[in-house]
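Notes for the structure review
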Amino acid sequence: MSETWTELVHQMHTMGTRTAECLSLLQKTFIYSDRDSLNHCSEQLSAIRAGVPEMSKRVAAMARQDHAKSVYTDIPKRFLEICDQLEILKEMLTKKIDENILFSDRAITEVSFLTQSLFEILNAATDLVLVKNPILIRYVQESETMVEKATTEYATHHEERLIEGLCLPVSSSVFLKILETLKGIARETKSIAESISM
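Structure report, in brief. (Residues numbered from 1 in each chain as written. Predicted model: local features only at pLDDT ≥ 70, side-chain atom pairs only at ≥ 80, totals over all residues. Heavy atoms only, no water.)

1. Observations concerning the environment of Phe-30
Note that Phe-30 resides in helix H1 (residues 5-32). For Phe-30, a relative accessible area of 4% gives the class buried. Sequence separation between Phe-30 and Phe-103 is 73 residues, and the spatial gap between their C-alpha atoms is 9.9 Å. When residues no more than four places from it in sequence are discounted, the contact partners of Phe-30 are Leu-93, Lys-96, Phe-103, Ala-107, Ile-108, Val-111, Ser-112 and Ile-178. (Helix = DSSP H or I, 4+ residues; strand = E, 2+ residues; numbered from the N terminus. Buried < 20%, exposed > 50% of the residue type's maximum accessible area, 1.4 Å probe, protein only. Contact = heavy atoms within 4.5 Å.)

Now the structure itself:
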């Protein structure tokens, strides 16, 4: 039995939902140094990655039959790009746990705010796969701008604290890499919304 477009769209939506779940697991890892969440995230990321090539092939095949579907051809690849960023985040959090790197309350609050915001933005972008909604598209675009500004601001404040000797260099490199990765996730999420808006 041949696969319908509706089934394929729902599979892409599931891929996005699972990607957002990985971000949520890493948020839990960050706050509680929870290795179980870290391991569960690794398994999820591997499963998502394994499904992307076949999913991309099937979407491309359907888009060749109906040009209107071509806006979806990049979606699996975008989710894969987000998984790449989540892998880097996972590495940073593994380092944080293994080396017992401590962050200030302020840093924890900032990263928690960003990861929660990204979780909501990623879920909104994932819903766009099912329903092309201009309000959701605008929400994702504006939220990405907010995350971009916040990460830049947090990085600047952090560097000032480092200069003042209020922060350890080992914590600093991990914190800045986390911010950079979160910014990358926001950028890829915005790309999903922009692809669908075409």
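From this point, the discussion proceeds with the structure in view.
2. Looking at H1
Because an α-helix completes one turn every 3.6 residues, residues spaced three or four positions apart along the sequence face the same direction. Over its 28 residues, H1 runs 41 Å from end to end, which matches the ideal 40 Å to within 8%, given 1.5 Å per residue. Among the residues trailing H1, Ser-33 stands out with phi positive, at a value near 50 degrees. (Expected span 1.5 Å × (residues − 1).)

3. A few points about the packing of helix H4 (residues 105-130) against helix H5 (residues 134-163)
Running from N to C, H4 and H5 cross one another at 160 degrees; their axes reach a closest spacing of 10 Å. Here H4 is positioned roughly antiparallel relative to H5, judged by the angle of their axes. The hand of the H4/H5 crossing is left-handed. (Axes fitted to C-alpha atoms, helices over the stretch in contact; angles between N-to-C directions. Parallel < 35°, antiparallel > 145°, perpendicular 65-115°, else oblique. Left-handed = near helix turned anticlockwise from the far one by under 90°.)

4. Topic: the packing of helix H2 (residues 35-65) against helix H3 (residues 75-98)
Closest axis-to-axis distance for the H2/H3 pair is 10 Å, and the angle between their directions is 160 degrees. In this view, H2 runs roughly antiparallel relative to H3, as classed from their interaxial angle. Our pair here, H2 against H3, has a crossing hand that is left-handed. Of H3, the residues touching H2 (which contributes Arg-35, Leu-38, Ser-42, Leu-45, Ile-48, Arg-49, Val-52, Met-55, Ser-56 and Val-59) are Pro-76, Lys-77, Leu-80, Cys-83, Asp-84, Leu-86, Glu-87, Lys-90, Leu-93, Thr-94, Ile-97 and Asp-98. Its residues assigned to classes, the contact of H2 with H3 shows 12 nonpolar, three polar and seven charged. (Nonpolar A, V, L, I, M, F, W, Y, C, P; charged D, E, K, R; others polar.)

5. Details of the packing of aromatic side chains
Inspection of the entire model under this criterion finds three aromatic pairs. Consider the rings of Trp-5 and Tyr-72, whose centres lie 5.3 Å apart with planes at 75 degrees: the pair is edge-to-face. Placement of the pair is Trp-5 in helix H1 and Tyr-72 in the loop between H2 and H3, with a sequence separation of 67 residues. Residue classification places Trp-5 among the buried residues on the basis of a relative accessible area of 19%. The interplanar angle of 45 degrees and the centroid separation of 5.6 Å between the aromatic rings of Phe-30 and Phe-103 together place this pair among those described as tilted. A residue pair is termed long-range when its members are at least 10 positions apart, and Phe-30 in helix H1 and Phe-103 in the loop between H3 and H4 qualify at 73 residues. Phe-103 sits in the buried class, given a relative accessible area of 13%. An aromatic cluster of at least three residues, connected via ring pairs, comprises Phe-30, Phe-103 and Phe-175. When the ring centre of Phe-30 is taken as reference, the NZ or CZ atom of Lys-96 above it lies at 5.4 Å. Its guanidinium or amino end placed over the ring of Phe-103, Lys-96 lies 5.8 Å from that ring's centre, counting from NZ or CZ. (Phe/Tyr/Trp six-rings, centres within 6.5 Å; stacked < 30°, edge-to-face > 60°. Lys NZ or Arg CZ within 6 Å of the ring centre and 35° of its normal.)

Remember, this is a structural readout, not a statement about activity or role.
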